[in-house]
Amino acid sequence: QVQLVESGGGLVQAGGSLRLSCAASGRTAGSGWFRQAPGKEREFVVAISASGGSTYYANSVKGRFTISRDNAKNMVYLQMNSLKPEDTAVYYCAVSKKYWATHSFEYDYWGQGTQVTVSS
């Protein structure tokens, strides 16, 4: 069982930046970030392979968000730049037992989420 704890969310103005962190209780494989806005379904944001050598971004965040990981520290990060009001959501860190995962059903462990609010 892997426990995940997200941090770094908050309130920011449009155009601003935030860095989310996800701390895992143990070694992790494929990891990703998802988000869920009020009244909407959870959506995929970005995935990173176990080694960090491969990443895959949703079109809506490509060029603005960057995922990274530090396997020595069991950490996954999401740097979010040029934030827009439509990025407002609860952001969830997720970890798969697989080396690489891009669909929510492939993820085995989920964090509790951290709120990101972008004001216009």
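Structure report, in brief.

On a plain count of helices and strands, the protein chain comes out with zero helices and 11 strands. Across the protein chain, helices and strands are ordered from the amino to the carboxyl terminus as β-β-β-β-β-β-β-β-β-β-β. Computed over the C-alpha atoms, the radius of gyration of the protein chain is 13 Å, within 12% of the 14 Å expected from 2.2 N^0.38 for a compact globule of 120 residues. In terms of overall dimensions, the protein chain has a C-alpha envelope of 40 × 25 × 25 Å along the principal axes. Within the protein chain, counting contacts between residues at least 6 apart in sequence, those at least 24 apart form 57% of the total.

Grouped together as the largest cluster of nonpolar side chains are 34 residues, with contacts concentrated most on L4, W33, F65, I67, L78, M80 and Y91. Contributing elements (two or more residues each) for this core: β3 (18–24), β4 (31–36), β5 (43–48), β7 (65–70), β8 (75–80), β9 (89–95) and β11 (114–119).

All right, on to a nonpolar patch on the surface then. Taken together, the side chains of Y56, Y99 and W100 make up a nonpolar region of the molecular surface, amounting to roughly 330 Å² of accessible area. Here W100 falls in the partly exposed class, since its relative accessible area comes to 31%.

Burial of the side chains of strand β1 (residues 4–7) is restricted to one face: L4 and E6 are buried, whereas none of V5 and S7 on the reverse face is. Sheet analysis places β1 next to β3, joined by four bridges and oriented antiparallel. Considered in β3, the bridge of E6 is made with C22.

On to the side chain of R64, then. Its place among the elements puts R64 in the loop between β6 (55–57) and β7. Sequence-distant contacts of R64, that is, excluding residues within four places in its chain, are made with Q79, M80, N81, S82, L83, K84 and D87.

Backbone-to-backbone hydrogen bonds pair the strands of a sheet. The strands run either parallel or antiparallel. On the basis of which strands lie adjacent, the open sheet formed by four strands has the order β1-β3-β8-β7 and antiparallel pairing. With one partner strand each, in any of the chains shown, β1 and β7 form the two edges of the open sheet. Along the sheet, successive strands turn relative to each other by an average axial angle of 15°, direction set aside. With six bridges connecting them, β7 and β8 associate as antiparallel partners. Residue R69 lies in a different strand from β8, and its bridge partner there is V76.

Next up on the list: the state of the cysteines. Under the criterion given, the structure shown has one disulfide. Here C22 pairs with C93 through a disulfide, and the sulfurs are 2.1 Å apart. In this structure the cystine formed by C22 and C93 twists about its S-S bond by roughly -80°; its chirality is therefore left-handed. Separated by 71 residues along the polypeptide, C22 in strand β3 and C93 in strand β9 bring together distant segments of the chain. Per residue, the accessibility class of C22 equals that of C93, and both read buried.

About the thresholds
- Residues numbered from 1 in each chain as written.
- Predicted model: local features only at pLDDT ≥ 70, side-chain atom pairs only at ≥ 80, totals over all residues.
- Heavy atoms only, no water.
- Helix = DSSP H or I, 4+ residues; strand = E, 2+ residues; numbered from the N terminus.
- Rg over C-alpha atoms; globule rule 2.2 N^0.38 Å.
- Contact = heavy atoms within 4.5 Å.
- Core = buried A, V, L, I, M, F, W, Y, C linked by side-chain atoms within 4.5 Å.
- Buried < 20%, exposed > 50% of the residue type's maximum accessible area, 1.4 Å probe, protein only.
- Patch = residues over 30% accessible without salt bridge, like charges linked within 9 Å, V, L, I, M, F, W, Y side chains within 5 Å.
- Areas by Shrake-Rupley, 256 points an atom, 1.4 Å probe, with all protein chains shown as cover.
- Salt bridge = Lys/Arg side-chain N within 4 Å of Asp/Glu carboxyl O.
- Pairing = 2+ DSSP bridges.
- Axes fitted to C-alpha atoms, helices over the stretch in contact; angles between N-to-C directions.
- Disulfide = S-S within 2.5 Å.

Taken by themselves, the reported measurements are silent on function.
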